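Here's the letter readout for the chains.
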Amino acid sequence: MNVLKPLLSICILASITFACKNDTKESVKVEEDIVKTAPEKVKKVKKELTVAEKEQLNSVMSKLMVTDETKNFASALVSSGLTDMLSKKKGPYTVFAPSNIAFDSIANEKKREILDPKNKETLSNLLKNHIVEGQVDSSALLQKSKGSSNSFKTLGGSALIIKKQGSDLVIIDANGAKAVLGKSDINGSNGVVHVIDKVLSLD
């Protein structure tokens, strides 16, 4: 009887240890399965995007939001309610986007005025005066600057003139304010973005 007790204890201990090992193995297997199948699930989700959703993710609005130099302009577009136009509509559009530095250089009083929610329509029109219909890349801008027909009509109804001055391409608004073309040909699914160094149509 005294011999059986230790033997029985050993058997029980061995059973518990074996069960724990099995549980650990099963747990590890489950974790391995999750790790293996996760990338496939992610791929499946990506594949489920519609054509329209893919175009929206690659739209000029998306380009403006992810380009460091144009984030202030993108923020102003959000405030004005123009994001749907630049993200969902086919366009194409050419956007002359003032840089962050250009926005920062606006006088504080004027900045408060144009960004006041009460003046949403004024802000919308200001931003539309930086957008023209059609996709015009830098090569086409250069060619247009050499001809007599070197102006664009903006979505805001104003006119922009493109000229070559020295080695620069310059955009001139109806008030004579000039902006130099900087980073260009940022292509999206529904247009193109060019960065300029001044906010136009302020007066």
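Going along each chain's sequence as written, the residues are numbered from 1 onward. Reporting in this predicted model follows two pLDDT cut-offs: at least 70 for local features of residues, and 80 or more for side-chain atom pairs to be given and counted; totals over whole chains, interfaces and linings ignore these cut-offs and use all residues. Excluding hydrogens and water, the side-chain figures rest on all heavy atoms present in the structure.

Draft legend 1. Quick look at the packing of aromatic side chains. Each Phe, Tyr or Trp ring, with Trp reduced to its six-membered ring, pairs with another whose centre is within 6.5 Å; inter-plane angles below 30 degrees give stacked pairs, above 60 give edge-to-face pairs, and intermediate values give tilted ones. Under the criterion given, the structure shown has two aromatic pairs. Ring plane angle 50° and centroid distance 6.3 Å describe the contact between Phe73 and Phe103, whose orientation is recorded as tilted. Taken together, the residues Phe73 in helix α4 (residues 71-80) and Phe103 in helix α6 (residues 100-104) connect sequence positions 30 residues apart. Of the two residues examined, Phe73 and Phe103, each falls in the buried class. Where helices and strands are cited, they refer to DSSP runs of H or I of at least four residues and of E of at least two residues respectively, numbered from the N terminus. Throughout this description, buried means an accessible area under 20% of the type-specific maximum (1.4 Å probe, protein chains only), exposed means over 50%, and partly exposed covers the range between.

Draft legend 2. The arrangement of α4 in detail. Buried within α4 are the following residues: Phe73, Ala74, Ala76, Leu77 and Ser80. Seen from one end, α4 has its buried residues packed into an arc of 160°, which puts them on one side. At its buried positions, α4 is contacted by α3 (60-66), α5 (83-88), β1 (93-98), α6 and α8 (120-128). Positive backbone phi, approximately 85°, marks Gly81, located one or two places after α4. Directions drawn from the helix axis to the C-beta atoms are what define this arc. Any two residues whose heavy atoms approach within 4.5 Å at even a single point are treated as in contact.

Draft legend 3. Region of the structure containing the sheet that holds strand β4 (residues 159-165). Only strands that DSSP links by at least two bridges are regarded as paired with each other. One open sheet accounts for four strands, arranged β3-β4-β5-β6; its pairing is antiparallel. Edge positions in the sheet fall to β3 (151-153) and β6 (178-180), since each has one partner strand and no second. For this sheet the average axis-to-axis angle between neighbouring strands, irrespective of direction, equals 25°. For β3 and β4, the ladder comprises three bridges, and the chain directions are antiparallel. By the bridge assignment, Phe152 is partnered in β4 with Leu160. Comment: axis = line fitted to C-alpha atoms, over the contacting stretch for helices; angle = value between 0 and 180 degrees taken between N-to-C directions.

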